[in-house]
Amino acid sequence: MWGVIMRQEVITYEELKVIEKNAIGLGMSSLMLMENAGAGVAASIECLNKLKTNRKNNHKNKKNNKTGADSNHDVFNSPVLILAGLGNNGGDAFVTARHLEKKVVSSFVFLLGTEDQIKTHESQVNFKLLKHSEKVHIFEIKSESELVNVYDSLKDAGIGAIIDGIFGTGFSGELKGLEKAAIELINSERKTRNIPVLSIDIPSGMRPDQIPGLTVLPIVSSAGSSMSLSDLSPDFLSDLSSNLSQELSPLLSSAISSVSSFNPESVVKADLTVTFHKSRDCPNLKILDDIFGEIVIAPIGIPEAAEKYVGSGDISSLYKRSVNSKKGDSGKVLVIAGGPFSGAPALSGMAAFGTGVDIVTIAAPESIYESISSYAPELIIKKLSGEFFNEQNIPFVTRLIQSHDAVVIGPGFGKNKESIQAAAKLVPYFKKAVIDADALVPEMFEAIEQSENDYADYIITPHYHELMRAAAYCGIDLSENRDEEDIFALEDILMDISERLGAMVLLKGQEDMIASFDEVRYNSTGNAAMSVGGTGDVLAGIVGGLLAKNKAELATLCGAYICGKAGDAAYTEVGDSLIPTDVIDKIPFAFSNGTVKGRSRKE
Ligand SMILES: NC(=O)C1=CN([C@@H]2O[C@H](COP(=O)(O)OP(=O)(O)OC[C@H]3O[C@@H](n4cnc5c(N)ncnc54)[C@H](OP(=O)(O)O)[C@@H]3O)[C@@H](O)[C@H]2O)[C@@H](O)CC1
Ligand SMILES: Nc1ncnc2c1ncn2[C@@H]1O[C@H](COP(=O)(O)OP(=O)(O)O)[C@@H](O)[C@H]1O
Ligand SMILES: [K+]
């Protein structure tokens with residue numbers, strides 16, 4: 001069930017890829033998604049008639065229409081030309097053609113290549129199926145000259161509309177050869193013969209990273225202005241760039257230059273773009289309007305849970321070690337121990353290792369140095385003078401912080417006042433940090449709130465009672481018992497705390513809640529056997545490990561998911577006698593795509 005928060009109404013193409021993978025993780029198949037996508041495109045074709053009439057009138061008003069030979073044809077009464085590439089955008093086009101069979105007189109499908117070159121299974125399935133459609137005439141086009149010849153032999157049939165399924169979001173690099181010729185053909189026929197063009201998902205030749213609006217928006221908000229996407233006209237953007245602080249304007253300039261980094265000549269100009277699931281509203285930049293035309297959103301049956309719950313799509317966005325990486329490239333994590341307890345920091349350190357970082361260092365007071373060293377030889381232990389973490393340790397630990405990517409502080413840190421006060425002085429030096437357990441106290445909240453670091457750099461990982469301390473610090477009332485708290489109110493509170501502290505908040509529990517200042521998502525992996533002591537330390541280590549090479553939001557979401565999934569795998573083997581090291585052992589499995597057969601919370 002949704003909370004008060006509606007998931008984002010406007011998403012990027014990249015975010016949709018994640019959501020689609022999450023949907024597949026929930027049991028949807030790529031074939032189902034493609035079927036719904038193609039059906040949605042076919043259902044939208046009626047919009048072309050309306051647009052076509054408008055274009056025709058505009059055309060007539062502007063000048064004598066010598067070349068608009070096809071403009072009298074109704075989309076449904078004339079053959080539709082469908083250009084399909086070898087990827088899934090082409091697969092969507094095949095499904096579209098099948099769904100159009102009953103709507104249009106006939107279709108010509110140009111596959112840009114041969115059947116054996118089709119790249120994906122889903123697309124192959126739909127191509128084979130399409131061969132049974134009698135009103136669909138398929139041509140396998142192998143060269144630019146063949147494209148011209150075949151098109152010339154058909155165009156007198158009076159093409160009513162062109163559907164562009166050449167490239168979707170998988171387009172990269174340079175446009176050349178047959179695809180380039182096909183895009184030029186579309187644009188020329190649209191211009192000279194007034195044939196309306198519908199692009200599937202994105203006009204072919206356009207790369208999603210060339211659309212700046214969605215990345216610009218948060219920058220605008222963080223500058224304190226309240227702007228909507230439609231405010232982002234070119235004039236507005238240039239005014240904004242000149243007025244914003246020097247720190248922000250380069251980001252804006254690069255966003256603006258990304259729009260101009262493509263050559264409009266090598267992109268399909270569509271009258272209508274049918275994209276999927278949710279709005280991908282582009283900023284109101286004239287140059288983009290001319291490429292996308294009108295935008296229609298076709299629902300493709302993605303369940304809401306694919307956005308609400310963390311899933312395999314989120315995991316696939318994590319940093320991946322490159323084949324030629326060297327030691328240190330994949331991340332260095334520093335765990336700062338406080339003194340009384342050696343087990344908790346060691347668990348966090350070992351869990352961080354499990355996420356694939358290269359180096360884990362534990363800074364440990366003399367009192368626990370020996371015992372931490374005995375847990376795991378892979379951990380580097382740096383001895384701090386004194387029984388407890390203290391002021392004298394600050395210069396040494398600050399240097400360690402600087403040579404690591406992320407810090408984990410809190411597990412087993414202890415409640416010693418002097419240690420906590422010294423720890424709070426470290427906060428301004430943290431580049432990225434996970435703050436857990438004993439470090440979830442007012443002194444630290446204050447230091448986090450006052451730190452000038454970006455909100456995305458800090459993560460707090462409280463269980464409900466620790467959350468109460470954060471809420472009290474923020475002056476927010478929270479019920480004594482989580483079950484008494486209305487879930488929607490709790491979502492609001494988590495976002496408020498996130499905003500006030502400038503940190504991600506991961507509230508652990510049967511269902512973990514992960515809040516940024518404007519969104520709450522959930523994690524449903526994990527099981528009741530994990531309520532044993534020490535799993536929270538494992539979670540903090542996993543999140544810290546992921547934080548080393550990923551943004552805080554992704555690290556928090558994926559940390560909760562991986563920890564729970566490792567816990568579920570451990571549960572299948574050891575049941576209720578699960579201990580935290582069992583969870584650590586299963587972290588590598590949790591990153592794989594293996595199915596966890598253990599009891600999950602939802603059962
Ligand atoms: N994800 C989902 O669940 C859903 C996705 N859906 C649909 O899938 C689309 C994404 O599909 P996609 O990833 O297969 O890529 P797509 O854009 O069709 O084609 C790229 C192909 O062209 C190739 N290629 C790339 N650049 C090239 C170049 N410069 N010059 C020449 N070739 C080039 C590249 O091959 P490669 O070069 O990488 O081997 C690849 O094969 C998406 O937009 C939506 O329509 C829907 O069905 C809903 C569910
Ligand atoms: N009853 C439960 N059902 C599912 N997962 C749980 C349950 N209790 C704890 N967990 C999971 O165990 C991990 C540690 O949480 P928790 O035990 O609350 O931490 P702590 O050790 O700080 O008390 C979290 O990932 C949490 O989601
Ligand atoms: K397309």
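Because the structure is a prediction, the values reported are computed rather than measured.

Residue-level account of the overall build of the protein chain, with values.
Tallying secondary structure elements over the protein chain gives 23 helices and 16 strands in all. Across the protein chain, the fraction of contacts at a sequence separation of at least 24, relative to all contacts at a separation of at least 6, is 78%.

Could you give me a rundown of the site of ligand 1, with the residues and numbers involved?
Taken together, 30 residues sit near ligand 1, with Gly87, Asn88, Asn89, Gly168 and Gly170 positioned nearest. When residues of the shell around ligand 1 are traced back to their parent elements, those giving at least two are helix H1 (13-25), helix H2 (30-62) and helix H3 (88-100). The dominant element in the shell around ligand 1, judged by the number of residues it contributes, is H3, at 5 residues. Grouping the constituent residues of the shell around ligand 1 by class yields 10 nonpolar, 13 polar and 7 charged.

Pulling in residues and values, what's your account of the pairing of strand S6 (residues 272-276)?
Along any regular strand, the residues point their side chains to alternate faces of the sheet. By the criterion of burial, S6 is predominantly enclosed, with 5 of the 5 residues buried. Here S6 shows a buried face lined by Leu272, Val274 and Phe276 and a second buried face lined by Thr273 and Thr275. As paired elements, strand S5 (residues 197-200) and S6 share 3 bridges and run parallel to each other. Within S6, the residue paired with Ile200 across the bridge is Val274. Here 5 bridges tie S6 to strand S7 (residues 294-298), and the two strands are oriented parallel to one another.

Can you tell me about the packing of helix H16 (residues 417-426) against helix H17 (residues 442-450), naming the residues and giving the values?
Running from amino to carboxyl end, H16 crosses H17 at an angle of 10 degrees, the nearest separation of the two axes being 9 Å. The angle between H16 and H17 places the two elements in the roughly parallel class. Facing Ile420, Gln421, Ala423 and Ala424 of H16, the residues of H17 in contact are Glu443, Met444 and Ala447. Looking at the contact of H16 with H17 residue by residue, the class counts come to 5 nonpolar, 1 polar and 1 charged.

Which residues make up the environment of Met495, and what values go with them?
Note that Met495 resides in helix H19 (residues 487-501). Placed 63 residues apart in sequence, Met495 and Cys558 show a C-alpha to C-alpha distance of 19 Å. If we skip the residues at most four places from it in the chain, Met495 touches Ala515, Phe517, Asp518 and Val520.

Residues and numbers for the site of ligand 2, please.
In the region of ligand 2, 16 residues are neighbours, and Lys508, Gly526, Met530, Ser531 and Gly536 sit closest. Of all the secondary-structure elements, those providing two or more residues to the shell around ligand 2 are helix H20 (535-547) and helix H21 (552-574). Tallied by class, residues from the shell around ligand 2 come to 5 nonpolar, 8 polar and 3 charged.

Tell me about helix H6 (residues 177-193), residues and numbers included.
In this model H6 runs 23 Å from its N-terminal to its C-terminal C-alpha over 17 residues, within 8% of the 24 Å that 1.5 Å per residue would give. Considered for burial, the residues of H6 that qualify are Glu179, Ala181, Ala182, Ile183, Ile186, Asn187 and Arg190. Taken together, the buried residues of H6 touch strand S1 (80-84), strand S2 (107-112), helix H5 (144-154), strand S4 (161-165) and S5. Just past H6, the residue Asn194 takes up positive phi, approximately 60 degrees.

Describe the packing of helix H13 (residues 343-354) against H20, with residues and values.
Where H13 contacts H20, the two axes come as close as 7 Å, and the packing angle between them is 40 degrees. Here H13 lies oblique to H20, going by the angle between them. Of the two elements, H13 crosses H20, and the hand of that crossing is right-handed. From H13, Ala344, Leu347, Ser348, Gly349, Met350, Ala351, Ala352 and Gly354 reach across to H20, where they touch Asp537, Val538, Ala540, Gly541, Ile542, Gly544 and Gly545.

Outline the nonpolar core, supporting the account with residue identities and numerical values.
The biggest cluster of nonpolar side chains holds 105 residues, and the ones touching the most others in it are Ile435, Met444, Ile459, Leu494, Ile542 and Val543. The dominant element in this core, judged by the number of residues it contributes, is H21, at 13 residues. Excluding residues within four positions of it along the chain, Met444 makes contact with Ala423, Ala424, Val427, Ile435 and Ala439. Formed by 66 residues, the second largest nonpolar core is a distinct cluster that contains Ile118, Ile163, Ile166 and Ala181.

Can you tell me about the UniProt feature "binding site: AMP" (unreviewed entry) in the protein chain, naming the residues and giving the values?
Within this numbering scheme, the UniProt entry marks Gly536 as carrying the feature "binding site: AMP" (unreviewed entry). With respect to the helices and strands, the residue Gly536 is situated in helix H20.

Residues and numbers for the pairing of S5, please.
Neither face of S5 is exposed, since Val197 and Ser199 on one face and Leu198 and Ile200 on the opposite face are all buried. Of the pairings in the sheet, the one linking S4 to S5 comprises 3 bridges and is parallel in character. Note on S5: the bridge partner recorded for Ile163 is Leu198. Handedness of the crossover joining S4 and S5 through H6 is recorded here as right-handed.

Would you mind going over the domain arrangement of the protein chain in detail, with residue names and values included?
Note: interface size is frequently given as the accessible area lost on complex formation between the parts. Domain boundaries in the protein chain define domain 1 (28-207 + 262-296) and domain 2 (331-591). Inter-centroid distance (C-alpha atoms) of domain 1 to domain 2 is 50 Å.

Break down H16 for me, citing the residues and quoting the values.
The set of residues buried in H16 consists of Ser419, Ile420, Ala422, Ala423 and Leu426. Take H16 and look down its axis: the buried residues cluster within an arc of 165 degrees, on one side only. Buried residues in H16 make contact with helix H15 (394-402), strand S11 (406-409) and H17.

How would you explain unusual backbone geometry if you had to name every residue and give the values?
For Asn194, which is not glycine, the phi dihedral falls at a positive 60 degrees. Within the fold, Asn194 resides in the loop between H6 and S5. Residue class for Asn194 comes out buried when judged on the 20 C-beta atoms lying within 10 Å of it. Positioned with a positive phi, Ala437 is a non-glycine residue whose angle comes to about 45 degrees. Within the fold, Ala437 resides in the loop between strand S12 (433-435) and H17. A count of 24 C-beta atoms within 10 Å places Ala437 in the buried class.

Give me the sheet that holds S4: which residues, what numbers.
Read across the open sheet, the 7 strands follow the order S3-S2-S1-S4-S5-S6-S7; overall the sheet is parallel. The open sheet has two edge strands with one neighbour each: strand S3 (136-141) and S7. On average, each strand axis in the sheet is tilted by 20 degrees relative to the strand beside it, whichever way the strands run.

I'd like a rundown of the sheet that holds S11, residues and numbers included.
In space, the 9 strands of this open sheet follow the order S10-S9-S8-S11-S12-S13-S14-S15-S16, with mixed pairing throughout. Of all strands in the sheet, those bounded by a partner on one side alone are strand S10 (380-384) and strand S16 (520-523). On average, adjacent strands in this sheet sit at an angle of 20 degrees to one another, irrespective of strand direction. As paired strands, strand S8 (residues 332-336) and strand S9 (residues 359-365) are joined by 5 bridges and run parallel to one another.

What counts as what
Residues numbered from 1 in each chain as written. Chains lettered and ligands numbered in written order. Predicted model: local features only at pLDDT ≥ 70, side-chain atom pairs only at ≥ 80, totals over all residues. Helix = DSSP H or I, 4+ residues; strand = E, 2+ residues; numbered from the N terminus. Contact = placed C-beta atoms within 7 Å. Near = placed C-beta within 6 Å. Nonpolar A, V, L, I, M, F, W, Y, C, P; charged D, E, K, R; others polar. Buried ≥ 20, exposed ≤ 12 C-beta atoms within 10 Å, placed from the backbone. Pairing = 2+ DSSP bridges. Axes fitted to C-alpha atoms, helices over the stretch in contact; angles between N-to-C directions. Parallel < 35°, antiparallel > 145°, perpendicular 65-115°, else oblique. Expected span 1.5 Å × (residues − 1). Left-handed = near helix turned anticlockwise from the far one by under 90°. Core = buried A, V, L, I, M, F, W, Y, C linked by C-beta atoms within 7 Å. UniProt positions renumbered as here; feature names shortened; annotations may be inferred. Right-handed = clockwise from strand over helix to strand, strands pointing away. Domains from an automatic or database assignment. Arc of directions from axis to C-beta.

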